[in-house]
Structure formats: structure tokens, C-alpha cells
Amino acid sequence: MRKTTCGLAILMTASAVNIALAQTPGVVDPVRPVAVETYLCTLNPGKTMADVDAVNATWSAAVAEGPYNGFSTQLTPRYSNVPYDVLFFD
């Protein structure tokens with residue numbers, strides 16, 4: 001759980017820094033809202049990480065087609081006791 005919490009904190013900090021760097025040089029807007037969509041997922045019976053990778057490949061192809069102003073990542077908790085199989089952040 002500690003590693004998961006630290007990972008979430010690092011990801012949220014990186015997201016905030018990324019948004020600040022993406023603004024016009026010399027201008028940082030402290031009022032602009034920052035949102036991180038979080039999806040905590042459990043695999044259905046019979047599904048594997050290969051199925052998750054197939055869906056992610058479709059998403060990556062859609063993002064590559066046009067401008068996408070965002071950052072997406074996927075975490076797989078290994079050393080924590082959470083009831084989720086995959087964590088997505090966008």
C-alpha cells in the first residue's frame with residue numbers, strides 16, 4: 001500500500017509539473033484546474049492482461065491520429081494488498 005501511495009503521489013506531481021511546463025513560457029496560471037482521471041479496475045473472470053493490452057493498443061492508435069493534450073499511464077500493483085488488477089491515470 002505504501003508503494004502504491006508513493007506511486008500515486010509521484011504521478012500526480014508529475015502531472016502538475018507537466019501542465020505547468022506546457023503553458024506559455026513565463027506564464028504559470030495557478031488558478032487553472034488540473035484533473036487526473038483515475039480508473040481502478042478489476043479483471044473479469046477469464047480476462048488477462050493481454051486483453052488489457054489489446055484495448056490499450058486501440059486507445060494508443062486513436063490518440064496517434066490527432067492532437068491529444070494529455071498523459072496516460074497504467075500501473076499494475078504487484079507488492080500491495082489492493083483489490084484492483086490495473087490502475088489507469090489520464
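Scroll up a little and you will see the structure.
Bear in mind that the values here come from a model prediction, so they are computed numbers and not experimental data.

## Structural notes on the overall build of the protein chain
Move 1: The secondary structure content of the protein chain amounts to two helices and three strands.
Move 2: The order of α-helices and β-strands along the protein chain, N terminus first, is α-β-α-β-β.
Move 3: Counting over 90 residues, the protein chain shows a buried share of 12%.
Move 4: A sequence separation of at least 24 residues applies to 55% of the contacts in the protein chain between residues at least 6 apart.
Move 5: Accessible area of the protein chain: about 7000 Å², with a carbon and sulfur share of 62%.

## Quick notes on the sheet that holds strand 3 (residues 86–89)
Move 1: An order of 1-3-2 is seen for the three strands of this open sheet, with the pairing classed as antiparallel. Both outer strands of the open sheet, strand 1 (38–41) and strand 2 (73–75), are each paired with one neighbouring strand and no more. Averaged over neighbouring strand pairs, the angle between their axes works out to 15 degrees when direction is ignored.
Move 2: In this structure, strand 1 lies alongside strand 3, joined through four bridges in antiparallel fashion. Counterpart to Cys41 in the pairing with strand 3 is Val86.

Calculation notes
- Going along each chain's sequence as written, the residues are numbered from 1 onward.
- Under the rules for a predicted model, residues below a pLDDT of 70 receive no local features and side-chain atom pairs below 80 are neither given nor counted, while totals for whole chains, interfaces and linings still include all residues.
- Heavy atoms from the whole structure form the basis of all side-chain values; hydrogens and water molecules are not counted.
- In this text, helices come from DSSP runs of H or I with a minimum length of four residues, and strands from runs of E with a minimum of two, each type numbered from the N-terminal end.
- Each residue's exposure class comes from its accessible area (1.4 Å probe, protein chains only) as a fraction of the maximum for that residue type: buried when under 20%, exposed when over 50%, partly exposed otherwise.
- We call two residues in contact when some of their heavy atoms are within 4.5 Å.
- All accessible areas in this document rest on Shrake-Rupley with a 1.4 Å probe, and a residue is counted as covered only by the protein chains that are shown.
- Note on pairing: DSSP must find at least two bridges between two strands before they are called paired.
- Here an angle of 0 to 180 degrees is reported between the N-to-C directions of two axes, which are lines fitted to C-alpha atoms, with helices fitted over the stretch in contact.

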